[in-house]
Amino acid sequence: MKTIFRAGAALAVMGMMVPAHAGTESAHSEQRAEGDEAKQAALAEAMRAADLWIEGQRQYRKIPAISAAVARGDETVWAQGFGTTDRAQTMPATPDTIYSICSISKLFTAVALMQQWEAGRVALDTPVADYLPWAQLADDPRESVPVTLRGLLTHSAGLPRESDFPYWTGPDFPFPTQDQIRAKVPSQSPLYPAATTWQYSNLGLTLVGETVEAVSREPFADYVTTNILDPLGLENTRPGIPAELHGQQLAVGWGALEADGTRPEVKLFDPAGITPAAGFSASVADLAKFARWTMRLAKTGEREVLRASTLREMQRVHYISPDWETSWGLGFSVRQENGTTVVGHGGSCPGYRSALMIAPKEEMGVAVAMNAMDDPGLLARGIAALVKARGEAKPFDPVAGVDLGEYAGVYSGQPWDSDYMLIPWAGGLTWLDPDSGEPARRMWRLKPLGGDRFRVVTDKGEERDEVLFERDRAGEVRAIRQHSNTSRRLRGL
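These lines cover the structure that appears in this document, whether it is placed above or below. Only a predicted model underlies this, so the values are computations on that prediction, with no experimental measurement involved.

Observations concerning the packing of helix α3 (residues 105-118) against helix α6 (residues 202-216)
At step 1: Two elements in contact, α3 and α6, have axes whose closest approach is 9 Å; the angle formed by their N-to-C orientations is 40°. Compared by their axis directions, α3 and α6 come out oblique. Between α3 and α6 lies a crossing whose hand is left-handed. Contacts between α3 and α6 involve Lys106, Thr109, Ala112, Leu113 and Gln116 from the first element and Asn202, Leu205, Val208, Gly209, Thr211, Val212, Val215 and Ser216 from the second.
At step 2: Residues belonging to the contact of α3 with α6 are distributed by class as follows: six nonpolar, six polar and one charged.

So, the environment of Val215
At step 1: Counting through the fold element by element, Val215 comes out in helix α6.
At step 2: A relative accessible area of 18% places Val215 in the buried class.
At step 3: Note: C-alpha distance between Val215 and Tyr131 (84 residues apart in sequence) is 7.3 Å.

So, the pairing of strand β18 (residues 463-471)
At step 1: In this structure, strand β17 (residues 453-457) lies alongside β18, joined through four bridges in antiparallel fashion. Each bridged residue has a counterpart across the sheet, and for Arg455 the counterpart in β18 is Glu466.
At step 2: Linkage of β17 to β18, two consecutive antiparallel strands, is achieved through a turn of five residues, within which Gly461 is found at a positive phi near 90°.
At step 3: Sheet topology note: the β18/strand β19 (residues 477-482) ladder contains four bridges and is antiparallel. Counted as the bridge partner of Leu468 is Arg481 from β19.
At step 4: Linkage of β18 to β19, two consecutive antiparallel strands, is achieved through a turn of five residues, within which Gly475 is found at a positive phi near 90°.

A closer look at the layout of surface pockets
At step 1: The calculated volume of the largest pocket comes to roughly 1300 Å³.
At step 2: Lining of the largest pocket is provided by 46 residues; of these, Met364, Ala384, Ala385, Val387 and Lys388 occupy positions nearest its centre.
At step 3: Of all the secondary-structure elements, those providing two or more residues to the lining of the largest pocket are α2 (20-60), β2 (75-83), β10 (340-349), β11 (352-359), β12 (364-370) and α11 (376-392).
At step 4: Among the elements that take part in the lining of the largest pocket, α11 stands out by supplying 12 residues, more than any other.
At step 5: Partitioned by chemical class, the residues of the lining of the largest pocket number 22 nonpolar, nine polar and 15 charged.
At step 6: Roughly 510 Å³ of volume is contained in the second largest pocket.

Some remarks on the state of the cysteines
At step 1: A complete count under the given rule lists one disulfide for this structure.
At step 2: Covalent S-S linkage joins Cys102 and Cys349, the inter-sulfur distance amounting to 2.0 Å. Given an S-S torsion of about 65°, the disulfide between Cys102 and Cys349 has right-handed geometry. Remark: Cys349 occurs in strand β10 and Cys102 occurs in strand β3 (residues 99-102); sequence separation between them is 247 residues.
At step 3: Cys349 sits in the buried class, given a relative accessible area of 2%.

Here we look at the environment of Thr84
At step 1: Within the fold, Thr84 resides in the loop between β2 and β3.
At step 2: When near neighbours in sequence (up to four residues on either side) are disregarded, Thr84 contacts Pro64, Ala65, Gln89, Thr90, Met91, Pro92, Ala93 and Asn371.

Thoughts on unusual backbone geometry
At step 1: The linkage connecting Gly170 with the following residue, Pro171, adopts the cis geometry, with an omega of 5°.
At step 2: Looking at the secondary structure, you find Pro171 in the loop between α4 (149-153) and α5 (178-184).
At step 3: In this structure, Pro415 follows Gln414 across a cis peptide bond, with omega equal to 0°.
At step 4: Positive phi, normally seen in glycine, also occurs at His155, with a value near 60°.
At step 5: Position of His155 among the secondary structure elements: in the loop between α4 and α5.
At step 6: The class for His155 is buried, based on a relative accessible area of 2%.
At step 7: Its identity is not glycine, yet Ala426 carries a phi of approximately 55°, on the positive side.
At step 8: Tracing the chain through its elements places Ala426 in the loop between β14 (420-425) and β15 (428-432).

Focus: the pairing of strand β1 (residues 65-72)
Consecutive side chains of a regular strand alternate in pointing toward one face of the sheet and then the other.
At step 1: Counting buried residues along β1, seven of its eight residues qualify, which places the element largely inside the surrounding structure.
At step 2: Bridge count for β1 against β2 is eight bridges, and the pairing is antiparallel. If you follow Ala65 over to β2, its bridge partner there is Gly83.
At step 3: Adjacent in sequence and paired antiparallel, β1 and β2 are bridged by two residues, among which Gly73 carries a positive phi angle near 60°.
At step 4: Here seven bridges tie β1 to β12, and the two strands are oriented antiparallel to one another.

About the cut-offs
Residues numbered from 1 in each chain as written. Predicted model: local features only at pLDDT ≥ 70, side-chain atom pairs only at ≥ 80, totals over all residues. Heavy atoms only, no water. Axes fitted to C-alpha atoms, helices over the stretch in contact; angles between N-to-C directions. Helix = DSSP H or I, 4+ residues; strand = E, 2+ residues; numbered from the N terminus. Parallel < 35°, antiparallel > 145°, perpendicular 65-115°, else oblique. Left-handed = near helix turned anticlockwise from the far one by under 90°. Contact = heavy atoms within 4.5 Å. Nonpolar A, V, L, I, M, F, W, Y, C, P; charged D, E, K, R; others polar. Buried < 20%, exposed > 50% of the residue type's maximum accessible area, 1.4 Å probe, protein only. Pairing = 2+ DSSP bridges. 1 Å grid on protein atoms, 1.4 Å probe; cavity = no way out; pocket = protein on both sides within 12 Å on 5 of 7 lines; lining within 4 Å. Points joined across faces, edges and corners; volume = space filled by probe spheres on them. Disulfide = S-S within 2.5 Å.

In structure tokens, the structure reads:
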């Protein structure tokens, strides 16, 4: 962006030799360049905060590996890996590390089904049994409307949550084959009459994948690879788990945190017949590409894998639960978070968890994956909140001679709390708590006054007390003094 700024300044000078209206255009160009540079600086500070916060979360929660990426419009603006991916804990995680993405698989399956809908091969409100004659559940005395593809995509068809096999049971996780699932369906009864209750169902999305295979007359994995993954350039996304890469590019899985601070190893699994619902693997770099595709499609309106109108249909609410607390689109979860519409999906499989959150109106997507059973949604929301908070922060005026980087660092919170960080933020400093699940909540700031003096400013803009940084004999910042007490600076950033 600095190159753009210099070009804008050069055009302003050239305005002396051209008509006045061109000079006005040059001034506007310079203003736009300055605005772009300010936005880039704000995003860089937010991403630095996210980097520090995620690594803190990883260490405090003993998560072996985390990978995360942020997309803005049609660009991946940040991607990072944290921790290690192998059993020996020597191989660094990267944005290209592969994880099981479990139920995010459902988005690819839903896209495949909607391609068939665009081609006129399926209708969303036709009974599923018209496409899969074997997919007839056991008789149920309760009155019900038919089980349809729309019902399956919105988890409102009343189906059992799972095919009747114990595939979420360790240590071996015995996933059924496609033939076993087909043979078992007729003996399974509906949990609820269709369209009356929201019940998440892996069996339901598995039947959506079976429908794609039946009407396209191609194996599901081949169809998805040829018609979705390859066109979108998702080189590290697969309808399956690449066992040959386990412990290398594919992260190994770990279980939930034990009371003694350790995690058990989790065996690699084969999703087999459940692949359409929970069997894909991907990198966060690829998930960010997928998010970029959805935003690009919405913006250009040009057909790419799907029509833009089809994607809009998938990302609007098609079912809302009777208590009005759960809403779902066609494959996509659809919800409101602090006034922002967010679509996407989460994933949780043995040893892996992931989250993909997309805010279509804001043109922002966040992808997080980890090889442990913690909450990636918390991390995704935290990243988005930091970007939003920095974008809304009104910068302080610069003060001559103040280098904010000199004060940035990790400061002791003992014995009252965990250690915290002070980081540059909108012309001042702000506190960042790496142990907090909400890093952008009540972001108070320090406004530079000159020398080593700063003024506390609350998240509501109220100016409070003055704080003073202390230096050692070498001139290095060694502590922050507030209310007559000091917190020691442990290290820089």
